[in-house]
Amino acid sequence: MATTTTRTTQLEAVNTMLSTIGESPVNSLTGSLPLDASIAVNILNEVNREVQSAGWKFNTSWKVSLPRDVNNKLVVGTDVLHIEFNHLRESKSSYDPVLRGNYLYNLAKESYTWDKDFEYVTVIYLLDFETIPDLPYELVDFKKYYGLNFDSAKPSITMITSRGCPYTCGFCAIPVLYKRSWKALRPEMVIERLKYMEDKYGIKDFYLPITVES
Ligand code: SF4
């Protein structure tokens, strides 16, 4: 039976970031947060916005209708990152939109008012972190990696499930880099991902490094 992976939560993403600097995880992202956790949340939001601004299949719509309001203005939601008119339908010399606050401003006429409604508009949306798709495993040609840890004929991959190490082997940089901390994915999430990779890609052998240096 097919398995659906659980998406990474914002809390998990923040705790993963905290683990890379050897800080303790937090139980919640609400209320007052330790400084490092607060910084991690800000970085996550900033990167999330930056990545989504590029416009991906999951956050772009190409056939949006934009009707004018009673003041002939075009109102846009706060979740809109970018808007592009279809210039096969609309002349850029007459209609050249740019986001200004909650409205579209027409650079071609230096005005907030528009003389028509628009259709087939391309809109890039900013989605909540937890609603965006998880890792795009479908883009990986797994066969190229079968032989890295096992018999090259077997469907196999390496899966990272933890970071850091609590030990102190003198020749190893990991305890220094991670301040002897060790953080791991939830066991339930590891099981879900293993089952997903087996169900979807037929992978039977998994190499799970106990400690990971990156
Ligand atoms: S990662 Fe391995 S070699 Fe490095 S400190 Fe931990 S146990 Fe020792």
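Criteria and thresholds
The residue numbers shown here count from 1 along each chain, following its written sequence. Local features are withheld for residues below a pLDDT of 70 in this predicted model, meaning they are given only at 70 or higher, and side-chain atom pairs are given and counted only at 80 or more; totals for whole chains, interfaces and linings count all residues. Runs of H or I in DSSP of at least four residues are treated as helices and runs of E of at least two as strands, each being numbered from the N terminus. In this description the radius of gyration comes from C-alpha coordinates, and the expected globular size is given by 2.2 Å times residues to the power 0.38. Each residue is represented by a C-beta atom placed from its backbone, and any two residues with such atoms within 7 Å are regarded as in contact. The split of the chain into domains comes from an automatic or database domain assignment. Any nonpolar core is a set of buried residues, restricted to Ala, Val, Leu, Ile, Met, Phe, Trp, Tyr and Cys, that join up through C-beta atoms within 7 Å. Partly exposed residues are those falling between the two cut-offs: more than 12 but fewer than 20 other C-beta atoms within 10 Å of their own, whereas 20 or more means buried and 12 or fewer means exposed, with C-beta atoms placed from the backbone. DSSP calls a pair of strands paired once it identifies at least 2 bridges connecting them. The convention used is that axes are lines fitted to C-alpha atoms, helices contributing only their stretch in contact, and that angles between N-to-C directions extend from 0 to 180 degrees.

1. Notes on the overall build of the protein chain
So, step 1. Per the secondary structure count, the protein chain includes 4 helices and 9 strands.
So, step 2. Along the protein chain, from the amino end to the carboxyl end, the secondary structure elements read α-α-β-β-β-β-β-β-β-α-β-α-β.
So, step 3. The globule rule puts the C-alpha radius of gyration for 214 residues at 17 Å, and the 24 Å found for the protein chain is more than 25% above it.
So, step 4. Principal-axis analysis of the C-alpha atoms gives the protein chain an extent of 70 × 45 × 30 Å.
So, step 5. Restricting the contact set of the protein chain to residue pairs at least 6 apart, pairs at least 24 apart contribute 60%.

2. Things to note about the domain arrangement of the protein chain
So, step 1. Domain annotation for the protein chain reports domain 1 (10-53 + 135-207) and domain 2 (57-130).
So, step 2. Computed over C-alpha atoms, the centres of domain 1 and domain 2 are 38 Å apart.
So, step 3. Listed per partner, the contact involves 7 residues of domain 1 and 8 residues of domain 2.
So, step 4. Contributing elements (two or more residues each) for the side of domain 1 that touches domain 2: helix H1 (10-20) and helix H2 (35-53).

3. A look at the nonpolar core
So, step 1. Among the nonpolar cores identified, the biggest contains 5 residues, and these are Phe85, Tyr95, Phe118, Val121 and Val123.
So, step 2. The contact partners of valine 121, leaving out residues within four places of it in the chain, are Val64, Leu66, Ile83, Phe85 and Asn86.

4. Some remarks on the environment of serine 91
So, step 1. Among the secondary structure elements, serine 91 is positioned in the loop between strand E2 (80-84) and strand E3 (97-100).
So, step 2. In this structure serine 91 comes out as exposed when scored by C-beta crowding, with 10 C-beta atoms within 10 Å.
So, step 3. Separated by 17 residues in sequence, serine 91 and alanine 108 place their C-alpha atoms 9.7 Å apart.

5. With respect to the sheet that holds strand E1 (residues 60-66)
One key point about sheets: their strands pair by backbone hydrogen bonds, in either a parallel or an antiparallel sense.
So, step 1. The strand order across the open sheet formed by 3 strands is E1-E5-E2, and the pairing between neighbours is antiparallel. Of all strands in the sheet, those bounded by a partner on one side alone are E1 and E2. Taking the axes of each pair of neighbouring strands and ignoring which way they run, one obtains an average angle of 40° across the sheet.
So, step 2. Alignment of E1 against strand E5 (residues 118-125), held across 4 bridges, turns out to be antiparallel. The partner of threonine 60 across the bridge, within E5, is isoleucine 124.

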